[in-house]
Each structure stands twice: as C-alpha cells, then as structure tokens.
Amino acid sequence: YLFNCQRLNNPVPASADNFPMVELVKHTIKREKYPDTGLMNLNMVWEFNLADPEAEPSVGVVGGFDGKGRMFVVDLVVGRFKPSQLIDLMIGFWQKWPISRVGFEDSKKQRMLEPGLLSRLRQMKLSFPMDWIKFGGNSQTDDDRINHVLALEPLLRENQLWFHAELPNLTNLYLQFSRFPKFKLRGIPYA
C-alpha cells in the first residue's frame with residue numbers, strides 16, 4: 001500500500017484492487033473479435049452534470065450484451081459539453097449504432113435535458129426509446145453508486161466484460177476503473 005501511494009501515486013491497496021489494470025488490458029480486444037453488433041442488444045447510457053460546469057466531465061457509453069451474456073463496451077465519449085452538444089452526441093450515437101434503448105438516471109439534473117432532446121428529435125423526425133432509471137433519485141448515497149460499479153467486478157473476473165481496443169479515452173477508462181473508488185474522477189465507471 002505504501003509503495004502504491006509513494007511510487008505509483010495510486011493509493012489503492014493491492015488487496016482492494018477491484019479492477020486490476022492487468023485484467024482491464026487483458027479484456028480489451030480489437031473490433032474483429034467482437035460479436036456482430038447487429039446481433040447484440042446495444043444500449044446507450046449517460047452520466048452528466050448539467051448544472052455544474054466545474055463538476056466531473058460528462059460520459060456517454062454504448063455497450064451491450066451478446067447471446068452468451070457477455071457485456072461489450074463498443075463506444076465512449078468523455079468531455080465537458082453544453083446541453084446542445086450532449087443532444088448532438090446522443091443522436092450521433094443513435095445513428096451510428098443499432099441501439100435498442102437509451103438509459104438516463106432519473107434525477108433532476110438529467111431530466112433538464114429531456115425537453116431539448118425531444119424537440120431536436122421531433123425536428124429530425126426521429127425517436128428512440130428512453131428509460132429513466134431510478135437508482136435512489138437525488139437521495140442516492142455515494143456508497144450506493146460505488147456498489148453499483150463494484151457489481152461489474154465479477155463480470156470482469158469471469159471474462160464477461162470486454163472493452164473495444166480503439167475506444168476514445170481508453171486510458172481514462174483504465175485509470176478510473178483501476179483506481180475506483182479512490183480516484184476523484186468516476187464518471188466512466190458510473191456510466
């Protein structure tokens with residue numbers, strides 16, 4: 001633990017390493033080894049903070065499950081975006097991938113984007129199914145959110161969680177997962 005803190009600047013004891021860097025890299029594969037995305041049940045989820053521009057960057061993830069129950073992360077976007085840019089990114093993902101559902105956390109912050117998104121979709125004569133998922137709402141504790149992410153650990157250990165080798169921000173994904181929950185940035189694991 002002291003070595004990790006002093007030399008590696010990674011204050012996570014090896015015994016509490018839920019998402020080891022070695023495992024994350026081992027579970028990163030090229031697109032050719034992915035199952036056909038047309039046969040996968042792809043979903044898009046977002047983690048964003050519209051009210052506070054100084055907060056953690058927004059994260060959009062496209063991932064899905066194949067017929068064997070394996071979860072694949074196929075696309076990722078991270079950054080500080082204005083609401084109109086977030087809407088454009090969502091529609092871009094929808095047009096790029098055969099997404100079956102879009103999931104948002106049912107919170108006041110995330111609901112603020114809904115009218116603009118619906119308006120843009122009407123202008124473009126598009127629609128997609130949106131799920132507003134209640135994780136405990138605004139009263140959700142940080143421990144609850146951490147436990148939701150830690151539920152992914154068995155998938156990683158049992159070869160059921162895979163990442164696309166050409167994901168943008170792949171380095172950030174590795175960093176945020178390998179140092180979770182001690183690292184200050186947690187947007188990618190939360191999404």
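Source: prediction; values computed, not measured.

1. Some details on the environment of arginine 157
Inference 1: Within the fold, arginine 157 resides in helix 7 (residues 153-157).
Inference 2: Sequence-wise, arginine 157 and phenylalanine 19 are 138 residues apart; in three dimensions their C-alpha atoms are separated by 8.7 Å.
Inference 3: Those residues in contact with arginine 157, other than ones at most four positions away along the chain, are Asp17, Asn18, Pro20 and Glu23.
Inference 4: Within polar-contact distance, the side chain of arginine 157 engages the backbone oxygen of asparagine 18 at 3.2 Å.

2. What to know about the side chain of threonine 28
Inference 1: Looking at the secondary structure, you find threonine 28 in strand 1 (residues 28-29).
Inference 2: Judged by its relative accessible area of 17%, threonine 28 falls in the buried class.
Inference 3: Among the polar contacts made by the side chain of threonine 28, one reaches the side chain of tyrosine 174 at a distance of 2.7 Å.
Inference 4: Residues within four places of threonine 28 in sequence aside, it is in contact with Phe163, His164, Ala165, Leu170 and Tyr174.

3. Observations regarding helix 3 (residues 83-96)
Inference 1: Look at helix 3: 20 Å from first C-alpha to last across 14 residues, which is about the 20 Å you get at 1.5 Å a residue.
Inference 2: Packed against the buried residues of helix 3 are strand 2 (41-47), strand 3 (58-65), strand 4 (71-79), strand 5 (99-105) and helix 5 (114-123).

4. Re helix 6 (residues 142-150)
Inference 1: For helix 6, every residue scored as buried is listed here: Arg145, Ile146 and Val149. Across the axial projection of helix 6, the buried residues extend over an arc of 100°, all falling on one side.
Inference 2: Those residues of helix 6 that are buried lie in contact with strand 2, strand 5, helix 7, helix 8 (170-178) and helix 9 (187-190).

5. Notes on the packing of aromatic side chains
Inference 1: Counted according to the given criterion, the structure contains 8 aromatic pairs.
Inference 2: Each ring, one from tryptophan 94 and one from phenylalanine 128, has its centre 4.8 Å from the other, and the planes form 40°; the classification is tilted. Linking tryptophan 94 in helix 3 with phenylalanine 128 in the loop between helix 5 and strand 6 (130-133), this pair joins segments that are 34 residues apart in sequence.
Inference 3: The exposure class of tryptophan 94 is buried, given its relative accessible area of 18%.
Inference 4: Of the residues examined, phenylalanine 128 reaches a relative accessible area of 7% and is grouped as buried.
Inference 5: For the pair phenylalanine 163 and phenylalanine 177, a centre-to-centre distance of 6.0 Å together with 55° between the ring planes defines the contact as tilted.

6. Remarks on the sheet that holds strand 1
Whether parallel or antiparallel, the strands of a sheet pair through hydrogen bonds between backbone atoms.
Inference 1: Taken in spatial order, the 7 strands line up as 1-7-4-3-2-5-6 in an open sheet, and their pairing is mixed. Pairing within the sheet leaves two strands with one partner each, and these edge strands are strand 1 and strand 6.
Inference 2: Both strand 1 and strand 7 (residues 161-164) contribute to a ladder of 2 bridges, which runs parallel. Across the sheet, residue isoleucine 29 finds its bridge partner in strand 7, namely histidine 164.
Inference 3: Along the sheet face, helix 3 touches strand 2, strand 3, strand 4 and strand 5 and points at about 170° away from the line of strand 2.

7. Re the pairing of strand 7
Inference 1: Both faces of strand 7 are covered, namely the face carrying Leu161 and Phe163 and the face carrying Trp162 and His164.
Inference 2: Bridge analysis of strand 4 against strand 7 gives 3 bridges, and the strand direction is parallel. The partner of phenylalanine 72 across the bridge, within strand 7, is tryptophan 162.

Criteria and thresholds
- Residues numbered from 1 in each chain as written.
- Predicted model: local features only at pLDDT ≥ 70, side-chain atom pairs only at ≥ 80, totals over all residues.
- Heavy atoms only, no water.
- Helix = DSSP H or I, 4+ residues; strand = E, 2+ residues; numbered from the N terminus.
- Contact = heavy atoms within 4.5 Å.
- Polar contact = N/O pair within 3.5 Å; in protein donor to acceptor, adjacent residues only side chain to side chain.
- Buried < 20%, exposed > 50% of the residue type's maximum accessible area, 1.4 Å probe, protein only.
- Expected span 1.5 Å × (residues − 1).
- Arc of directions from axis to C-beta.
- Phe/Tyr/Trp six-rings, centres within 6.5 Å; stacked < 30°, edge-to-face > 60°.
- Pairing = 2+ DSSP bridges.
- Axes fitted to C-alpha atoms, helices over the stretch in contact; angles between N-to-C directions.

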